[in-house]
Amino acid sequence: MAGASVTMDMRGLLSALDEGLRHMGGTDELTAAIGEQLVSSTIERFEDGKGPEGEAWKPSQRADGKGGRTLLDKGRLRSSIVYEATPQRVVVGTNVVYAAIHQFGGQAGRGHKVCIPARPYLGINEEDIAEIRATMADFVAAGFKI
C-alpha cells in the first residue's frame, strides 16, 4: 500500500468475539433472570388487583365491601407462582388446580352454578418486555466486555 497506512491486529477483537459468543451460548443465567422478573411482576399483580394490561379485576364477593382482597384469601395461588427455565425458554405458571378458572373465568362449584369472572394474573405486558430487553442487553454486553 502506497502512502500512509494503519494496521490493526484483529486477533484481540476476534478473541473477544469468541469469548462473547461462548458466554451467550450458556443462556441459563439469562433465562433464570427473566423468569425471576416475570414471577415478581405476576406477584405484584396480586397486590395491585390488576391484570397484565392494567385492567382492574372485578372484586370477589369476599372482597367486595368486606375488607378481603380478590384472589388473596390465604395467598396460596400467589405464592404458587414459579418459573421453569431452559436455555431456550422460560415458562411462568402454577400447578394449583383452581388457577385456570381464575385466569380465564368460567363456571365453577357444585353443578357449575357459580360464574367466576376472568381475573388474569399471568401474562407479559409492555413493562415486562422493557425489563426483559434491558436484561438481555446487559447479558449481551457482559459477554462482549474486552
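Quantities reported herein were computed from a predicted structural model and do not represent experimental measurements. (Residues numbered from 1 in each chain as written. Predicted model: local features only at pLDDT ≥ 70, side-chain atom pairs only at ≥ 80, totals over all residues. Heavy atoms only, no water.)

Visitor: A description of the overall build of the protein should follow, citing residues and the corresponding values.
Guide: The secondary structure content of the protein amounts to five helices and four strands. Counting every position in the protein, which comprises 146 residues, the buried fraction comes to 27%. Relative to all contacts within the protein whose residues are 6 or more apart in sequence, the contacts with residues 24 or more apart total 56%. Approximately 10000 Å² of the protein is accessible, and the part contributed by carbon and sulfur atoms is 56%. (Helix = DSSP H or I, 4+ residues; strand = E, 2+ residues; numbered from the N terminus. Buried < 20%, exposed > 50% of the residue type's maximum accessible area, 1.4 Å probe, protein only. Contact = heavy atoms within 4.5 Å. Areas by Shrake-Rupley, 256 points an atom, 1.4 Å probe, with all protein chains shown as cover.)

Visitor: Any chance you could break down the pairing of strand β1 (residues 82-85) for me, citing the residues and the numbers?
Guide: Both β1 and strand β2 (residues 90-93) contribute to a ladder of four bridges, which runs antiparallel. Looking across to β2, one finds that V82 is bridged to G93. Between β1 and β2, which pair antiparallel and follow one another directly, the connecting turn spans four residues. (Pairing = 2+ DSSP bridges.)

Visitor: Describe the pattern of salt bridges, listing the residues and the values that go with them.
Guide: Oppositely charged side chains can form a pair if their charged atoms are brought close together. Evaluation of the coordinates by the stated rule reveals four salt bridges. Among the ionic pairs, E47 bridges to R69, the shortest N-O distance being 3.4 Å. Here R69 lies in the loop between α2 (28-48) and α3 (76-79) and E47 lies in helix α2, a separation of 22 residues in the sequence. A relative accessible area of 38% means that E47 is categorised as partly exposed. Accessibility expressed as a relative area gives 39% for R69, which makes it partly exposed. Ionic pairing is found between R78 and E47, a salt bridge with its closest N-O pair at 2.5 Å. With R78 in helix α3 and E47 in helix α2, the pair connects residues that are 31 residues apart, well separated along the chain. On the accessibility criterion, R78 (25% relative accessible area) is partly exposed. (Salt bridge = Lys/Arg side-chain N within 4 Å of Asp/Glu carboxyl O.)

Visitor: Residue-level account of the nonpolar core, with values.
Guide: With 10 residues, the main nonpolar core is built from V39, F46, W57, L71, L72, L77, I81, V96, A99 and Y121. Residue contacts for I81: discarding those within four places in its chain leaves V39, T42, F46, V92, G93, T94, Y121 and L122. By size, the runner-up hydrophobic cluster in this structure holds five residues, among which are L30, I34, I132 and F139. (Core = buried A, V, L, I, M, F, W, Y, C linked by side-chain atoms within 4.5 Å.)

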